[in-house]
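Analysis of the macromolecular model
So the chains spell out like this:
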Amino acid sequence: MSQQPTAKYRDDYRAPDFTITDINLEFDLDPNKTLVTAVSQIKRLNERATDLVLDGDDLTLVRLDINGDTWTAYSEEAGKLIIRDVPAAFTLTIQTQLDPENNSALEGLYISGGAYCTQCEAEGFRRITYYLDRPDVLARFTTKVIANKATYPYLLSNGNKMAAGDLDDGRHWVEWHDPHAKPSYLFALVGGDFDVLRDTFETRSGRNVALEIFVDKGNLDRADHAMVSLKNAMKWDEERFDLEYDLDIYMIVAVDFFNMGAMENKGLNIFNSKYVLANAETATDTDYLGIEAVIGHEYFHNWTGNRVTCRDWFQLSLKEGLTVFRDQEFSSDLGSRSVNRISNARIVRGPQFAEDASPMSHPIRPEKVIEMNNFYTLTVYEKGSEVIRMMHTILGESAFQKGMKLYFERHDGTASTCDDFVQAMEEASGIDLTQFRLWYSQSGTPVLTVSSTYDAATKQLALHVTQHTPATADQQEKQPLYIPLDIEMYRQDGSVIELQRHGESVSNVLAVTQAEQTYLFDHVDEQPVLSLLREFSAPVKLEYDYQDDELAFLLQHARNDFARWDAGQSLLAKHIKANVARVQDDQPIDVPLSVVDAFRGVLLSDNTDPALIAEVLNLPSETEVAGWFETVDVDAIHQVMAAFKQQFADHMVDELAAVYRQYAQTDYQITHKAMGERALRNACLSYLAHTENGNGYVEQHYQEAHNMTDTMAALSAANSAQLPCREPLMKGFSDQWQHDGLVMDKWFMLQGANPADNALEQVKAQMSHPAFTLKNPNRIRSLIGAFCNRNPARFHAKDGAGYRFLKEILVTLNQSNPQVASRLIDPLLKLAYYDSARQQQMRNVLQELADMDNLANDLYEKVEKTLEQ
Ligand code: TRP
Ligand code: ZN
């Protein structure tokens, strides 16, 4: 290790010594010598400060003036430019030179597919100019962009276009002004040639907003869904949150090279093309829903993130947790609430719980950070959203919206904290959230253990609840949290028993606040079946000793779709765990017929939403199952899951075939109803692939598919069941689509998840596929990410070959794109959950990384934390 990176602590926050009120930027774009001139108005805030300390990364300083004169009293050191003895208010001119063409980290100014673009969150603006690159410095930006007119006809930045003109040498310029003061992380610039989809939106107050979506030439026929989603988002935010857009133009640019999903730059969102481009031939239903969610997410940031931003990066969940909550509500209001809730709960219970039990465990508001990019996590985003959702559950929609109003009244135009948000919710509702605030400072997943006793004589039910949060890597001591526990009771005939105590009805949402509590209910006329943690009302693990017949009952009769699905999952979990133990004891796998029958009942129920049936049939992934164990036996889990699939297929073949035929579709529609029916039909196919006629079903499905959802369902079934048609179909697909990286990502993902014994060899071979490149984060995530995360039996091969393969990739990416490297390493951080032989293999590759002399902060932070354990 060459030099120890330094950590930052939340407690060390200090207001800035100086601020910047206005900045004039000029970009003279050139692939290797872009000249950036930044003229900033600087004001001293702290009287005792004499030196202005600016952030800068990887910059060549060309000129430094104060009030128009050269200034020599400065020095450069470790990411900082220290300008000494500055006046109280002055104009600072800084010129820097950049090399966007060789910026492979995709942070700062870089080139994607021939177009210039930027990514500044979290700390990328310092790769453009020396600046106070922190979110609590808010400035008005004016940006002039200069480039060759023929090659780069579109020159874009934040805000409104103010002026434009031609220069004599074939170049032109455009000047933009953003009237809303903003932190540097929201700055954006784009220069390139595009096809543009244009539309307008009339806001509720009657203003007309120009909408423009910029895509690579030739992709115009793939931008419609993004535009529809944007208009839906604008309308929804007016109706549900009373929030209107605040500029005259809203632009979205789709780029192929992007580290994350998308970025909410003021008035100029930049998107990973994965979350913009879609048509029936190229995109699956999942892609369509992803686009709707991400377009919504970035749009909603305009208020929750941009108008009210974060004081410091420890407060990231202030904007991300809240904005994820808002995009989830958007998707739920437009589509199926229960299907959305199911997929959100799956993510939190699976990968988020795993992250919270790893060396990277942190509260939704972290305390200590080395590399900020490492904290755009499932915890900050998804658990953060669950924390907002719990407040929504506790307050109710109307008090919650009052809280939002107060929050904007107080904090619009400022950089705020998570505590400011909770305070507004507390004051607007009159509900004491003192204990609730612990969700912001305590990491780890609470375990709720529930038991019940029914007294037939007194007709009373006692519900005994204990909560316990196990210690995490970052925090030993845990306190009891405020946990909203949503419950319901059913009679054997399926009717609901109203919750009552002392003759009064009681809310379904119990406030669990102590380590141990007992709740009594009266007039419970028979021994009830309990539905617990309905709607996943808190991000906790629930332990309750359910009998199989109770779960089968809830799967059939619960009146909420989420509760039905959840009962099915619990039933599966119980028997999957038992069978893993049997395999470890050399006992045969046993999937009880009663379990199959419970699922058959759902498959055949004709008053159930097909989308829900599809979710119920969707078995947990091997990675999700791994999360249920203290020590993961990848091979046993692999065997057990294969057996469940096979047994369900064998025992339900006729019913699966009938439902498969029933939902044959003639035309293709992108409605939620049609999507749900496709999902069910394709879920049936995934089982039928494992039956005698599997190859025939899948081949025919592929040939008859007239949309990407059905095409991928066939390929995926062929892949999972390792059918003879797998080879020719995969080949045909690749021949057809190899020119299109986004479409090929789906194919690479299947190669990564290939259950074949020699999957690693095949993955390595696909790295020389013409469509593959380690320069594109989407390709990396598809092929390599799928291998490491969705193919546990192969990635965790006993000989350690999977780990060594990942290590080699990480060594390359550590240099070229540390942000992507750092996301890819995550499965190695969970080494404590594997047997000692595998642990040692994982430790070895982590140690080899730690021994590198140029390890980026991103990987350093994770590797060190893991090796420390
Ligand atoms: N703020 C972005 C969002 O909507 C996240 C993001 C996009 C990001 N690009 C990034 C974060 C690059 C870190 C680095 O969620
Ligand atoms: Zn976001």
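Looking at an unreviewed UniProt entry, one finds the chain named Aminopeptidase N and attributed to Salinivibrio costicola subsp. alcaliphilus. The Catalytic activity (unreviewed entry) field of the UniProt record for the chain holds the comment "Release of an N-terminal amino acid, Xaa-|-Yaa- from a peptide, amide or arylamide. Xaa is preferably Ala, but may be most amino acids including Pro (slow action). When a terminal hydrophobic residue is followed by a prolyl residue, the two may be released as an intact Xaa-Pro dipeptide." Quoted verbatim from the Sequence similarities (unreviewed entry) heading of the UniProt record, the comment on the chain is "Belongs to the peptidase M1 family."

If you trace the eight strands from one edge of the open sheet to the other, you get E6-E5-E9-E3-E2-E12-E15-E14, paired in mixed fashion. What marks the edges here is a single partner per strand, and that holds for strand E6 (69–70) and strand E14 (160–166). With six bridges connecting them, E14 and strand E15 (residues 171–182) associate as antiparallel partners. Among the inter-strand pairings, Gly 165 is bridged to a residue of E15, identified as Trp 173.

Right, let's talk about the packing of aromatic side chains for a bit. Enumeration over the complete set of coordinates arrives at 37 aromatic pairs. With centroids separated by 6.0 Å and ring planes inclined at 75 degrees, the aromatic side chains of Phe 125 and Phe 141 adopt a geometry described as edge-to-face. Of the two residues, Phe 125 is situated in the loop between strand E11 (115–119) and strand E12 (139–148) and Phe 141 in strand E12; the sequence distance between them amounts to 16 residues. Given a relative accessible area of 1%, Phe 141 falls into the buried group. Here Phe 194 and Phe 214 contribute two aromatic rings whose centre-to-centre distance is 5.9 Å and whose plane-to-plane angle is 75 degrees, an arrangement assigned as edge-to-face. A residue pair is termed long-range when its members are at least 10 positions apart, and Phe 194 in the loop between strand E16 (189–192) and strand E17 (195–202) and Phe 214 in strand E18 (residues 208–215) qualify at 20 residues. Both residues of the pair, Phe 194 and Phe 214, belong to the buried class.

Okay, the packing of helix H4 (residues 337–356) against helix H10 (residues 561–584) next. Here H4 crosses H10 at 40 degrees, and the two axes come no closer than 9 Å. Here H10 runs oblique to H4, going by the angle between their axes. Remark: the crossing between H4 and H10 carries right-handed chirality. Across the interface between the two elements, Ser 338, Arg 341, Ile 342, Ala 345, Arg 346 and Arg 349 of H4 pack against Asp 561, Phe 562, Trp 565, Asp 566 and Gln 569 of H10. For the contact of H4 with H10, a count of residues per class yields four nonpolar, two polar and five charged.

Next up on the list: the packing of helix H15 (residues 672–688) against helix H16 (residues 694–704). Interhelical geometry of H15 versus H16 gives an angle of 145 degrees and a closest axis separation of 9 Å. Counting all contacts with H15, which are made through Arg 681, Asn 682, Leu 685 and Leu 688, the residues of H16 involved are Gly 694, Tyr 697, Val 698 and His 701. Looking at the contact of H15 with H16 residue by residue, the classes come out as four nonpolar, three polar and one charged.

Take the pattern of salt bridges next. Scanning the entire structure with this criterion turns up 66 salt bridges. Where Arg 311 meets Asp 312, a salt bridge forms, and the shortest distance between an N and an O atom there is 2.8 Å. Residue class for Asp 312 comes out buried when judged on its relative accessible area of 8%. Residues joined by salt bridges that share partners form a network here, namely Arg 240, Glu 329, Asp 333, Arg 337, Arg 389 and Glu 397.

Criteria and thresholds
- Residues numbered from 1 in each chain as written.
- Chains lettered and ligands numbered in written order.
- Predicted model: local features only at pLDDT ≥ 70, side-chain atom pairs only at ≥ 80, totals over all residues.
- Heavy atoms only, no water.
- UniProt positions renumbered as here; feature names shortened; annotations may be inferred.
- Pairing = 2+ DSSP bridges.
- Helix = DSSP H or I, 4+ residues; strand = E, 2+ residues; numbered from the N terminus.
- Phe/Tyr/Trp six-rings, centres within 6.5 Å; stacked < 30°, edge-to-face > 60°.
- Buried < 20%, exposed > 50% of the residue type's maximum accessible area, 1.4 Å probe, protein only.
- Axes fitted to C-alpha atoms, helices over the stretch in contact; angles between N-to-C directions.
- Parallel < 35°, antiparallel > 145°, perpendicular 65-115°, else oblique.
- Left-handed = near helix turned anticlockwise from the far one by under 90°.
- Contact = heavy atoms within 4.5 Å.
- Nonpolar A, V, L, I, M, F, W, Y, C, P; charged D, E, K, R; others polar.
- Salt bridge = Lys/Arg side-chain N within 4 Å of Asp/Glu carboxyl O.

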